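Descriptive analysis of the structure
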Amino acid sequence: MISLNRSAEIAVVGAGLVGSLLSIYLAKRGFRIEMFERRPDMRKEAISAGRSINLAVSTRGLLALKNVGLEEEILKLAIPMRGRMIHTKNAELLLQPYGKDDSEYINSISRAALNKVLMTKAEETKRVKIHFNQKANGVDLDKGELYLEEVGNPTFVSVSTDMVMAADGSSSVVRDDIMKLSGYQCNESTLDYGYKELVIPPGKGGKFLMEKNALHIWPRGTYMLIALPNFDGSFTCTLFLPFEGIPSFESLKTAADVEKFFQEQFSDAVPLIDDLTETFFSNPTGRMVTVKCGPWSYQERALLLGDAAHAIVPFFGQGMNCGFEDLTVLSECMDKHIAQGGPLYINRRIRDKEHGRRTAEGTTAWSKIFDEFFESRKINTDAIADMAVENFFEMRDKVADPQFQLEKAVEKVLQKEFPGEYKSRYSLVTFSNVPYAFAQRAGIITDEILKELCKGLDAADKVDRSRAKKLIRAKLAPVLKEQQHILQPV
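Residues numbered from 1 in each chain as written. Predicted model: local features only at pLDDT ≥ 70, side-chain atom pairs only at ≥ 80, totals over all residues. Heavy atoms only, no water.

Considering the layout of surface pockets
The test is simple: In this analysis the probe radius is 1.4 Å and the grid spacing 1 Å, with only protein atoms considered; a cavity is a set of points the probe fits into but cannot get out of, a pocket is an open set with protein on both sides within 12 Å along at least five of seven lines, and lining residues have an atom within 4 Å of a point. Grid points are joined across faces, edges and corners, and a volume is the space filled by probe spheres set on the points. In the scheme used here, Gly and all other residues not listed as nonpolar or charged are polar, with Ala, Val, Leu, Ile, Met, Phe, Trp, Tyr, Cys and Pro taken as nonpolar and Asp, Glu, Lys and Arg as charged.
Approximately 700 Å³ is the volume attributed to the second largest pocket. In terms of lining residues, the second largest pocket is bounded by 30 residues, among which Glu394, Phe404, Lys408, Glu411 and Asp447 are the most central. Its residues placed into classes, the lining of the second largest pocket shows nine nonpolar, nine polar and twelve charged.

Quick look at the structure:
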């Protein structure tokens, strides 16, 4: 066994999407970063398949990228998705647009492709060093020591650091140690559904075999299949299914079980999926967890971000967008302190030889920044966590329901007839930067308005515009006014 000692001004744990973009933010402010990642360098080695779940980049994520000059470059790797393409059991197609018109859409992008760009951009700052195959084992917050193990080697690494920023995902080791402190708590809720990744390859010449600019959904009541387009003409498919029961991952034991299930439930997808049964059994079955914890920091010495602080299930397409928005808000908290005349530097500590601890040689504003960051984000990350679970049931159960389809059709009428006055919950979450908690509250009101307008209605174009106007101005307008500085009139 070999032990190595390293030092770091800021140690970032996790070189995933949030960790890599965080390092770019910090490097642009002049800090030096040592980033530690348990996986090998995906730019040099093939990563294991089966756990990617394509990402949907939208307004919040794009703002975080724009802040560091990367928005346009990243969008070149993305495919616009303008709506949900519903595949019925009879192989009929129904498109449900996401926005009020074609100007509002989400962007499908490969997780790996995005991660590779962000890691490279971080290194190009010349202030970020990425250490791969470094698995975090824990952190001693009082000593300022981060402990790691080199994957595949009997080597243990001790990193002496002034600050640990952990973006090491929903199973964060750093979070586990922070949550042991008095006054800290963490609740993890695992969905009783798993997911399995499959692939629809491109046709000849990179041709898309389904509608390119849509997120495809096969809703089947208690389970569903989805597919997102990739730049090379392929689609990444994900089956969401209960772990137990019938049907479930437990019940699909043989190739014949899988083939029968897919033929009965997703018949139009079967001819398109590559090596269905082989891929089904070779790819892992993933789990989905919601993490709500707090506080996210310890003094000025450690901070949790992204999934390490607030993991959510993927059904609102906001996991990465939410993590990226962390960086926007954290940067705003830092700017606020600078605007108030305070310096922004990393606290230099000296070793207290007698007690083996680090003592401060002065104070910094980081503790206050971290506290303000948590206070600003916690209510909103809890809100999107709840909405993500709710959206799972919407995607799985409701999108094929005639009443739900009527309400969504009426919503499109309202968005067109009352631009700037009517905002759907989905629009507020996906196409704006208003706080998630605000979008959640406004969404409750829009649901009430839609249900009232759809009573006894048999067609969206027959909706009572006069009544709609009164309801919107009486119930929704006073709420939207609170975020008028963000929601600019159309």
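A closer look at the nonpolar core
Rules: Residues grouped as a nonpolar core are buried Ala, Val, Leu, Ile, Met, Phe, Trp, Tyr and Cys residues, joined through side-chain atoms within 4.5 Å. Note on classification: 1.4 Å probe, protein chains only; a residue is buried when its accessible area is under 20% of the maximum for its type, exposed when over 50%, partly exposed between these limits. Helix and strand definitions here come from DSSP, where helices need a minimum of 4 consecutive H or I residues and strands a minimum of 2 consecutive E residues; each element is numbered from the N-terminal end.
Membership of the largest hydrophobic core comes to 81 residues, with the highest contact counts inside it found for Leu21, Met165, Leu304 and Phe324. Take this core: its biggest share by element is eight residues, from helix α1 (residues 17-28).

Quick look at the packing of aromatic side chains
This is how the line gets drawn: Classification of ring pairs rests on two measures: the distance between centres of Phe, Tyr or Trp rings, Trp counted by its six-membered ring, which must be within 6.5 Å, and the angle between planes, read as stacked under 30 degrees, edge-to-face over 60 and tilted in between. Charges are assigned to positions over rings by a cutoff of 6 Å between ring centre and Lys NZ or Arg CZ, combined with an angular limit of 35 degrees from the ring normal.
If you walk through the whole model with that rule in mind, you get 20 aromatic pairs. Taken together, a centroid distance of 5.6 Å and an interplanar angle of 90° make the contact between phenylalanine 261 and phenylalanine 266 edge-to-face. On the numbers, 5.1 Å between centres and 80° between planes, the contact of tryptophan 296 with phenylalanine 374 is edge-to-face. With tryptophan 296 in the loop between β18 (285-294) and β19 (297-298) and phenylalanine 374 in helix α10 (residues 366-398), this residue pair connects regions lying 78 residues apart in the sequence. A relative accessible area of 1% places tryptophan 296 in the buried class. Taken together, Tyr193, Tyr195, Phe240, Phe315, Phe392 and Phe393 form an aromatic cluster joined through their ring pairs. Positioned over the ring face of tyrosine 105 is arginine 82, at 5.2 Å from the centre of the ring. In this structure, lysine 196 is placed above the aromatic ring of phenylalanine 280, and the distance from its NZ or CZ to the ring centre is 4.9 Å.

Side note on the sheet that holds strand β20 (residues 302-304)
Note the threshold: Should DSSP find at least two bridges between two strands, the strands are taken to pair. We call two residues in contact when some of their heavy atoms are within 4.5 Å. Lines are fitted to the C-alpha atoms to define the axes, a helix being fitted only along its stretch in contact, and any angle between axes, read from their N-to-C directions, falls within 0 to 180 degrees.
Strands sit in the order β9-β3-β2-β13-β20-β19 across an open sheet of six strands; the sheet is mixed. Lying at the two open borders of the sheet, with one neighbouring strand each, are β9 (128-131) and β19. With three bridges joining them, strand β13 (residues 164-166) and β20 adopt parallel strand pairing. Bridged to methionine 165 within β20 is leucine 303. Contacting β13, β19 and β20, α10 crosses the sheet at an angle of about 20° to β20.

Considering the sheet that holds strand β16 (residues 224-229)
Read from one edge to the other, the open sheet built from seven strands follows the order β7-β6-β15-β16-β17-β14-β18, with strand pairing classed as mixed. Single-partner strands in this sheet number two, and they are β7 (93-97) and β18. Averaged over all pairs of adjacent strands, the angle between their axes in this sheet comes to 25°, without regard to strand direction. The pairing of strand β6 (residues 83-87) with strand β15 (residues 215-219) spans three bridges and is parallel. Its bridge partner being in β15, methionine 85 is matched across the sheet by histidine 216.

Re the packing of helix α9 (residues 319-339) against α10
Applied cut-off: By definition, turning the near helix anticlockwise from the far helix through less than a right angle yields a left-handed crossing, and turning it clockwise yields a right-handed one.
One can describe the packing of α9 onto α10 by two numbers: an axis separation of 9 Å at closest approach and a directional angle of 145°. In this structure, the crossing between α9 and α10 has a hand that is right-handed. Facing α9, whose interface residues are Cys322, Glu325, Asp326, Val329, Leu330, Cys333, Met334, Lys336 and His337, α10 presents Trp366, Ile369, Phe370, Glu372, Phe373, Ser376, Arg377, Thr381 and Ile384. Looking at side-chain class alone, the contact of α9 with α10 contains ten nonpolar, three polar and five charged residues.

Brief notes about the pattern of salt bridges
In plain terms, the rule: Salt bridges are identified by distance alone: a Lys or Arg side-chain nitrogen within 4 Å of an Asp or Glu carboxyl oxygen.
Using the criterion set out here, one finds 26 salt bridges in the structure. With its nearest N and O atoms 2.8 Å apart, the salt bridge here joins glutamate 325 to arginine 377. Taken together, the positions of glutamate 325 in helix α9 and arginine 377 in helix α10 put the pair 52 residues apart, joining distant regions of the chain. Each of the two residues, glutamate 325 as well as arginine 377, counts as buried. Taken together, the shared-partner salt bridges in this structure form one network comprising Arg60, Glu325, Asp326 and Arg377.

Any functional reading would require information beyond the geometric quantities listed.
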